[in-house]
Amino acid sequence: MSSGVAVNSECLELFQEFKLRKKYKYIIFKLSDDNKEIVVEKTAPETATYDEFLQCLPADEPRYAVYDFDYEKPDAGARNKITFYSWIPDTSKIRAKMLYASSKDALRKNLVGLAIEIQGTDFSEVDYETILDKALRSN
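Here goes a summary of the coordinates provided. Computed from a prediction, not measured in an experiment: that's the story for all the values here. (Residues numbered from 1 in each chain as written. Predicted model: local features only at pLDDT ≥ 70, side-chain atom pairs only at ≥ 80, totals over all residues. Heavy atoms only, no water.)

### Some thoughts on the packing of aromatic side chains
Next, step 1: Per the stated rule, a full pass over the model turns up 15 aromatic pairs.
Next, step 2: Put simply, the rings of Tyr-26, Tyr-50, Phe-53, Tyr-67, Phe-69, Tyr-71, Tyr-85 and Tyr-128 pair up and form one aromatic cluster. (Phe/Tyr/Trp six-rings, centres within 6.5 Å; stacked < 30°, edge-to-face > 60°.)

Written out as C-alpha cells, the structure reads:
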C-alpha cells in the first residue's frame with residue numbers, strides 16, 4: 001500500500017554521492033512537516049561511527065536511513081554493505097507508524113544498490129552485532 005508521499009530530489013542526489021563518491025557514512029531521511037514528501041534530515045561524514053548513527057535515531061519517532069556498513073568477513077577481509085534502515089519504534093504514535101510503513105517503498109525503490117534492509121522497532125534490532133550477523137550471512 002502506498003501513501004502517495006513523494007521523494008524529494010535531494011534524497012536521490014545525496015544517495016548517489018553516498019554510493020558513488022563515498023562522501024557520507026550515512027544519510028537519515030524523514031517525512032516533511034506536512035507529511036507530503038520524504039526529505040533529508042541529516043548526513044554524516046565518512047569518519048562517523050555506528051554509535052553516532054544510532055544516537056541520531058529518535059527513540060520515539062520513525063526515520064529511514066542508509067548506512068555504509070563496514071565489517072570484516074573471516075577469510076575474506078574487509079567488506080562493506082549499503083544498508084537501508086526502516087526505523088519505526090514501537091513507542092511511535094500509531095499514525096506516524098502507519099504513514100512511515102506505507103511510504104517506505106516510495107524511497108526504497110529509488111535507492112538502487114542497497115545490499116541489506118533492516119526493519120527496526122527498538123535499538124536491539126539495529127545494534128552493531130545484529131547488523132554484522134545479517135551482513136555476514138549475505139553474499
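### Concerning the side chain of Lys-81
Next, step 1: If you trace the backbone, Lys-81 turns up in strand 5 (residues 77-87).
Next, step 2: This buried residue, Lys-81, is left without a salt bridge; Asp-68 holds the nearest opposite charge, at 10 Å.
Next, step 3: In terms of polar contacts, Lys-81 uses its side chain to reach the side chain of Ser-138, at 3.4 Å. (Helix = DSSP H or I, 4+ residues; strand = E, 2+ residues; numbered from the N terminus. Buried < 20%, exposed > 50% of the residue type's maximum accessible area, 1.4 Å probe, protein only. Lys, Arg positive; Asp, Glu negative; His and termini not counted. Salt bridge = Lys/Arg side-chain N within 4 Å of Asp/Glu carboxyl O. Polar contact = N/O pair within 3.5 Å; in protein donor to acceptor, adjacent residues only side chain to side chain.)

### Digging into the pattern of salt bridges
Next, step 1: Scanning the entire structure with this criterion turns up nine salt bridges.
Next, step 2: Here Glu-41 makes a salt bridge to Arg-63, at a shortest N to O gap of 2.8 Å. With Glu-41 in strand 3 (residues 37-45) and Arg-63 in strand 4 (residues 63-73), this residue pair connects regions lying 22 residues apart in the sequence.
Next, step 3: Assessed through its relative accessible area of 35%, Glu-41 is described here as partly exposed.
Next, step 4: Taking the relative accessible area as the measure of exposure, Arg-63 reaches 7% and is therefore buried.
Next, step 5: One salt bridge connects Arg-108 with Glu-117, and the closest N-O pair in it is separated by 2.7 Å.
Next, step 6: Of the residues examined, Arg-108 reaches a relative accessible area of 25% and is grouped as partly exposed.

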